[in-house]
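Results of the structural survey
Here is what each chain is made of, one letter per residue.
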Amino acid sequence: LDALVARATKLASVPADKRGPLWGIPCAAKDNVDVASMPTTAACLAFKYMPSASAPAVAALEEAGALFVGKTN
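To start, this report covers the structure provided alongside it. (Residues numbered from 1 in each chain as written. Predicted model: local features only at pLDDT ≥ 70, side-chain atom pairs only at ≥ 80, totals over all residues. Heavy atoms only, no water.)

So, about the pairing of strand 1 (residues 26–30). For strand 1 and strand 2 (residues 67–72), the ladder comprises 5 bridges, and the chain directions are parallel. Note that in strand 2 the partner of A29 across the bridge is K71. For the crossover from strand 1 across helix 2 (residues 56–63) to strand 2, the handedness is right-handed. (Pairing = 2+ DSSP bridges. Helix = DSSP H or I, 4+ residues; strand = E, 2+ residues; numbered from the N terminus. Right-handed = clockwise from strand over helix to strand, strands pointing away.)

With that out of the way, let us pick up the packing of aromatic side chains. Aromatic ring pairs: the centre-centre distance and the angle between the two ring planes describe each pair. Taken as a whole and judged by the stated rule, the model has 1 aromatic pair. Directly above the ring of W23 sits R19, whose terminal nitrogen or CZ lies 3.8 Å from the centroid. (Phe/Tyr/Trp six-rings, centres within 6.5 Å; stacked < 30°, edge-to-face > 60°. Lys NZ or Arg CZ within 6 Å of the ring centre and 35° of its normal.)

Take the pattern of salt bridges next. One pass over the structure, following the stated rule, counts 1 salt bridge. Between D31 and K71 there is a salt bridge, with the nearest N and O atoms lying 3.2 Å from each other. With D31 in the loop between strand 1 and helix 2 and K71 in strand 2, this pair connects stretches of sequence that are 40 residues apart. Owing to a relative accessible area of 8%, D31 belongs among the buried residues under this scheme. Judged by relative accessible area, which is 24%, K71 ranks as partly exposed. (Salt bridge = Lys/Arg side-chain N within 4 Å of Asp/Glu carboxyl O. Buried < 20%, exposed > 50% of the residue type's maximum accessible area, 1.4 Å probe, protein only.)

Now the structure itself:
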């Protein structure tokens, strides 16, 4: 929850004229896609790791202002 609040706070500080087209829209990524600060498990706890960077598609969505709130299975 703390990481989500930090990301939302960062988005809120972006000036209105600099906000991307997806600014503030909540998103989720399938759990085999890396999102920085969220563990990736691919539904297998033995596979679990914490990625240091987001996957390129996630990074592009974040750059456009999307707010990743969790993972899906």
